[in-house]
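# Structural features, examined
Now for the letters of each chain:
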Amino acid sequence: MGVFSIFPPRASTTAVQIDALYTFLLIVAGIMTALIFFCVFFFAVRYRRKNQDDPAPKAIHGSLPLEIAWSVFPFLIMLVMFAWGAKLYFQNYTPPLHDTFDIYVTGKQWMWKVQYPTGQREINEMHVPTGRPVKLILASEDVIHSFYIPAFRLKHDVVPGSYQTYWFEATEPGRYHILCAEYCGTNHSDMGGWVTVMKPNDFERWLAGDTGGSMREQGEKLFQQYGCVTCHVTDREGRCPSLLNVFGNPVVLDDGRTVIADEAYVRESILNPNAKVVKGYKHDIMPVFQGQISEEGLLQLIVYVKSLSPPAPRSGKSAAPAPKANPK
Amino acid sequence: MSTYLPFARTEARTNYLNADYGWKSWLFTTDHKRIALLYLFSITAFFFVGGAFAVGMRVNLLTPEGIFAHDTYNKLFTMHGIIMVFFFLVPSIPATLGNFLVPLMIGARDLAFPRINLLSWYLYMIGGAIALTAIVKGGVDTGWTFYAPFSSTYSNTHVILTAIGVFVSGFSSILTGLNFIVTIHTMRAPGMTWGRLPLFVWGHYATSLIQVLGTPVIAITLVLLGLERVLHAGIFDPAVGGDPVLFQHLFWFYSHPAVYIMILPGMAVISEIIPCFSRKALFGYTFVAISSIAIAVLGFLVWGHHLFVAGQSMYASMVFSLLSFLVAVPSAIKVFNWTATMYKGSVSYETPMLYAFGFIGLFTIGGLTGLFLATLAIDVHVTDTYFVIAHFHYIMVGGMVMAYLGGIHFWFPKISGRMYPEGWARFAALIVFVGFNLTFFPQFILGYQGMPRRYAHYPPEFQVLNVMSTAGASILAVGYLLPIIYLGWAWRKGPKAPQNPWNAKGLEWEQSPTPPPTYNFETQPVVTEPAYNYSGESEEVGIG
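Reading the values: rules and limits
Residues numbered from 1 in each chain as written. Chains lettered and ligands numbered in written order. Predicted model: local features only at pLDDT ≥ 70, side-chain atom pairs only at ≥ 80, totals over all residues. Heavy atoms only, no water. Helix = DSSP H or I, 4+ residues; strand = E, 2+ residues; numbered from the N terminus. Rg over C-alpha atoms; globule rule 2.2 N^0.38 Å. Buried < 20%, exposed > 50% of the residue type's maximum accessible area, 1.4 Å probe, protein only. Contact = heavy atoms within 4.5 Å. Areas by Shrake-Rupley, 256 points an atom, 1.4 Å probe, with all protein chains shown as cover. Lys, Arg positive; Asp, Glu negative; His and termini not counted. Charge placed at Lys NZ, Arg CZ, Asp CG, Glu CD. Core = buried A, V, L, I, M, F, W, Y, C linked by side-chain atoms within 4.5 Å. Buried area = accessible area lost by both parts, 1.4 Å probe. Salt bridge = Lys/Arg side-chain N within 4 Å of Asp/Glu carboxyl O. Polar contact = N/O pair within 3.5 Å; in protein donor to acceptor, adjacent residues only side chain to side chain. Nonpolar A, V, L, I, M, F, W, Y, C, P; charged D, E, K, R; others polar. 1 Å grid on protein atoms, 1.4 Å probe; cavity = no way out; pocket = protein on both sides within 12 Å on 5 of 7 lines; lining within 4 Å. Points joined across faces, edges and corners; volume = space filled by probe spheres on them. Pairing = 2+ DSSP bridges. Axes fitted to C-alpha atoms, helices over the stretch in contact; angles between N-to-C directions. Patch = residues over 30% accessible without salt bridge, like charges linked within 9 Å, V, L, I, M, F, W, Y side chains within 5 Å.

## Regarding the overall build of chain B
Helix and strand content of chain B: 17 helices and zero strands. For 544 residues, the compact-globule estimate of 2.2 N^0.38 gives 24 Å, and chain B sits close to it at 23 Å. The buried share of chain B, taken over its 544 residues, is 67%. Long-range pairs, those at least 24 residues apart, make up 82% of the contacts in chain B between residues at least 6 apart in sequence. A total of about 17200 Å² of accessible surface is found on chain B, and carbon and sulfur atoms cover 71% of it. In chain B, the 26 positive side-chain charges and the 23 negative ones have mean positions that sit 9 Å from each other.

Here you go:
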């Protein structure tokens, strides 16, 4: 799919079906547009007024057969669109009763919290296997959001006070956008993330937590998985302090104290972010991760945060390995 | 009736413009033509305010990271929508051209309630002033749709003040509709039967029905929203026992019919322009007239197609989908009949006709993409994306604004007594058409690729199409500024208009002097022939 393709990536069984219906609609609309444009253009040229003094042409008041024809035939074609569209709509919004892999998604200004029955939690990241029906259970903590995955051609509003569901079967491994499609306030356009479609074996391994790699690499994965990267590295809104070149250096807190950003400080700031807030930043911005990250994961994260502050002094940000915010 | 008034009569004659001078003669006038001009100037001002917000949005979208802060962008698109929908599109043609022409076309001295007509302008201005106050005080960021519970609980901008502005201006809309309905029923000239009414009047009659029946619902909805926001009444916010989807039902019960308030008068204008510049009766008069009423009625039954992904019952969605296809039929009938009118006609390409061509083309694309949105499974993918933005701008801007500009040019000689410069006007029409398509066509592609609406930042792969759209918007802006300049010039310096520059049919051209005197007609007009009798037939002919 190049930049100029009219179709986004197709990564689910529904995407193929929706694109087929869309192509049908494009063809019908194209024929109708061509027909009307041709008639307007042809009549305008063929019957143009050649001389201002020409007598007015004879009136044609209408034609009942024509009126009936151009009311009924288009409507019959529309009935095909209706039936085809309704069939797919019911299919996509009615999950199979059995054998679905369930994922629980909570929308909150302005992040997606994703939970798996096996206990994994992610923020703005979702992992799904190919070839298996996945059912989403959608809830909102505040306003209406909409959980939209263009590569699957599916979305559903996430309405506070109710659960909404839809389901899909992913087909193509890769990373695809998750977007919020219902306006939800200030950072609506940043309330997005990535769905990672994995082959079943890879997914089972991911689900079992056996991701492999060095502690730093695992820490980097966690850093992305929990959404730390969106605020602490790439944020432009000034909601949170950058973690580049922080580790091992003094930090001024909002109550005036100065602490050194060591392992204990990083750990406390992950588990209970409000305990020691850096001067100039607000409380209650960052989610509390107490009880959500294993000790093992915490250590991996700390190793990764360390790697953002390389020992070479005053080398600027170029020395820090820039985390891959959005691979692919 | 087809004889023209002698040219001498148009010279040095008292008309509605020079009958009286001074600001009082305008601000306290009850003349429908002067009120139409009051509306024309105020609506034009609001159009450029709304347009300025659009410029801000398009500039922000030049780069994926944007230029403005999120909150600023969110206020820009909200205020663009509110100003354009409630203070430009809804009143645009009815309050200006409709106000001016409905009495003239049916052979009446004025509207049935001239003072209520003035009151409606004042309500519009008060509502507009309140909304502008909200903007100056910092604006509002809910989107023009005011969805709860964001608007009722979470937004900390001037929601209440804006809602009051919209609420007040709604009464202006109701009063205009009421005035038209009573006028059309009771003040038609002798011989002006329903079957001889110009389609402009039929279109405004259908529009007025929606204004009178639909607008109270948005008023009630905004009151409920206010109660929720101030008193936490528990109507829409689930945290206190309400239902957020209920708000959407109430909102769209007005706001979908309101789409037809915005487009029916545009269709009404096109139905006048095409016969005139084809010198031929409109093909299928009865079907075009009835299709306006059919749109008004069916338009009340399709609001649920805005809720296909909002959690309403899937069976409800299915019914709304079917009805949405049904409402496309009368619109299609109109397009086919306009096109057929040109068949074996005598077509000329003056500016109003160029806008009519543009209208047919853009409305066709807007209408056909509406079918995509009525198709349930496609709507799931493209709703709340730029596909929807492109679709309704093809209807509202490509359709309604093209028709509005076409109508302004068509009746400019009638209104001002002057001719506009034809070359400049054709040039501007071309610029508008090119700029419009470059602005909005890429948005269809953006939408299907998955770019959601109301995004201050966007993924970088969407940049190329966004830059194209912004480039188009800058061309479109030129196209909108040009008429202001040359029409303003023509109003003062343009050559004097003859009585009937287009040799058009209709009481306003044939029986009322140009520009009209305060009471429109020097003698009571009597109608003896069907509308658009360009061929001069003596007998009325049915549709066979």
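Now, onward.
## Looking at the nonpolar core
Of all hydrophobic cores here, the largest spans 251 residues; its most connected members are A:Ile103, A:Met126, A:Leu136, A:Phe147 and B:Trp411. The dominant element in this core, judged by the number of residues it contributes, is helix H14 (residues 386-416) of chain B, at 20 residues. Ignoring anything within four residues of it in the chain, the contact list for A:Phe147 reads A:Val105, A:Trp112, A:Met126, A:Leu136, A:Leu138, A:Leu154, A:Lys155, A:His156, A:Val158, A:Tyr166, A:Ile178 and A:Leu179. A:Ile123, A:Val266, A:Ile270 and A:Leu271 belong to the second largest nonpolar core, which has 20 residues in total.

## Looking at the interface of chain A and chain B
Residue-level contacts link 83 residues of chain A with 97 residues of chain B. Surface buried jointly by chain A and chain B totals about 7900 Å² across both partners, of which 69% is contributed by carbon and sulfur atoms. Three residues, A:His61, A:Tyr89 and A:Tyr183, lead the burial of chain A against chain B; their summed loss comes to 10% of the area buried on that side. Across the chain A-chain B interface, the total number found is zero salt bridges. Inspection of the chain A/chain B interface yields 29 residue pairs in polar contact (both at pLDDT 80 or more). Top contributing element to the side of chain A that touches chain B by residue count: helix H2 (residues 64-93) of chain A, with 18 residues. Its residues placed into classes, the side of chain A that touches chain B shows 51 nonpolar, 18 polar and 14 charged.

## Examining unusual backbone geometry
Here A:Gln109 and A:Trp110 are connected by a cis peptide whose omega angle stands at -5 degrees. Residue placement: A:Trp110 occurs in the loop between strand S1 (101-108) and strand S2 (111-115). Positioned with a positive phi, B:Arg454 is a non-glycine residue whose angle comes to about 60 degrees. Classification of B:Arg454 as buried rests on a relative accessible area of 9%. One non-glycine residue, B:Tyr532, lies in positive phi territory at about 60 degrees. Relative to the assigned elements, B:Tyr532 resides in the segment after helix H17 (507-510). By relative accessible area, which is 6% here, B:Tyr532 ends up buried.

## Side note on empty space enclosed by the protein
All names here are of chain B. Within the structure shown, the criterion is met by four cavities of 30 Å³ or more. By volume, the largest cavity amounts to about 160 Å³. Lining the largest cavity are 17 residues, with Gly 506, Leu 507, Pro 530, Ala 531 and Tyr 532 positioned closest to its centre. Broken down by element, the lining of the largest cavity gets its largest block of residues, three residues, from H17. Broken down by class, the residue content of the lining of the largest cavity amounts to nine nonpolar, two polar and six charged.

## Some points on the sheet that holds strand S3 (residues 121-123) of chain A
Residue and element names in this part refer to chain A. Pairing is mixed across the open sheet formed by five strands, whose spatial order is S3-S2-S1-S5-S8. Either end of the sheet is taken by a strand with one partner, and the two such strands are S3 and strand S8 (164-169). Neighbour-to-neighbour, the strand axes of this sheet turn through a mean angle of 25 degrees, independent of strand direction. Pairing geometry for S1 and S2, over five bridges, is antiparallel. Bridging across to S2, Thr 106 finds its partner in Lys 113.

## Re a nonpolar patch on the surface
Residues A:Leu64, A:Ile68, A:Val72, A:Phe73, A:Leu76, A:Leu79 and B:Leu322 make up a contiguous nonpolar surface patch of about 590 Å² in total accessible area. Of the residues forming the nonpolar patch, the biggest block, six residues, is contributed by H2(A).

## Let's talk about the sheet that holds strand S10 (residues 193-198) of chain A
Residues and elements named next belong to chain A. A sheet is described by the order of its strands in space; here five strands give the open sequence S4-S10-S9-S6-S7, paired in mixed fashion. This sheet does not close on itself; its edge strands, each paired only once, are strand S4 (125-129) and strand S7 (154-158). On average, each strand axis in the sheet is inclined to that of its neighbour by 20 degrees, with strand direction left out of account. Strand direction decides the pairing type here: S4 and S10, joined by five bridges, are parallel. By the bridge assignment, Glu 125 is partnered in S10 with Trp 194.

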